[in-house]
Amino acid sequence: MSDDTTTAGMAAAERERRLERYEAFAAGVREDYSNAVRQMDDLRAQGRVKTATYRQLFAYKSTLGEILDRLEECGL
């Protein structure tokens, strides 16, 4: 096998590992978003929408939503 073939194979393997990491990142963001929504719903049901925790979750959910929008735009 030539050096070019070996280099191309290594590059393809690295691209595959990077894609797997991006997919794991995207899955983690989606899970965190769902958890934030669930926690906000729980607080809302308790009438605690003016608490610092609720506001922090709102900001976190908004940030995660922006990340998810960007990931979707990139097809991830």
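As the structure is a computational prediction, the values presented were derived from the model and not from experiment.

A. Seen up close, the pattern of salt bridges. All told, the structure shown has four salt bridges when counted by the stated rule. With its nearest N and O atoms 3.5 Å apart, the salt bridge here joins R21 to E14. Looking at R21, the relative accessible area reads 49%, which means it is partly exposed. Of the residues examined, E14 reaches a relative accessible area of 30% and is grouped as partly exposed. Of the charged contacts in the structure, one is a salt bridge between D42 and R38, with a shortest N-O distance of 3.7 Å. Remark: R38 and D42 occur in helix α1 (residues 3–45); sequence separation between them is four residues, near one turn of the helix. What you see here is one network of salt bridges that share partners, running through E14, R17 and R21.

Rules behind the numbers
- Residues numbered from 1 in each chain as written.
- Predicted model: local features only at pLDDT ≥ 70, side-chain atom pairs only at ≥ 80, totals over all residues.
- Heavy atoms only, no water.
- Salt bridge = Lys/Arg side-chain N within 4 Å of Asp/Glu carboxyl O.
- Buried < 20%, exposed > 50% of the residue type's maximum accessible area, 1.4 Å probe, protein only.
- Helix = DSSP H or I, 4+ residues; strand = E, 2+ residues; numbered from the N terminus.

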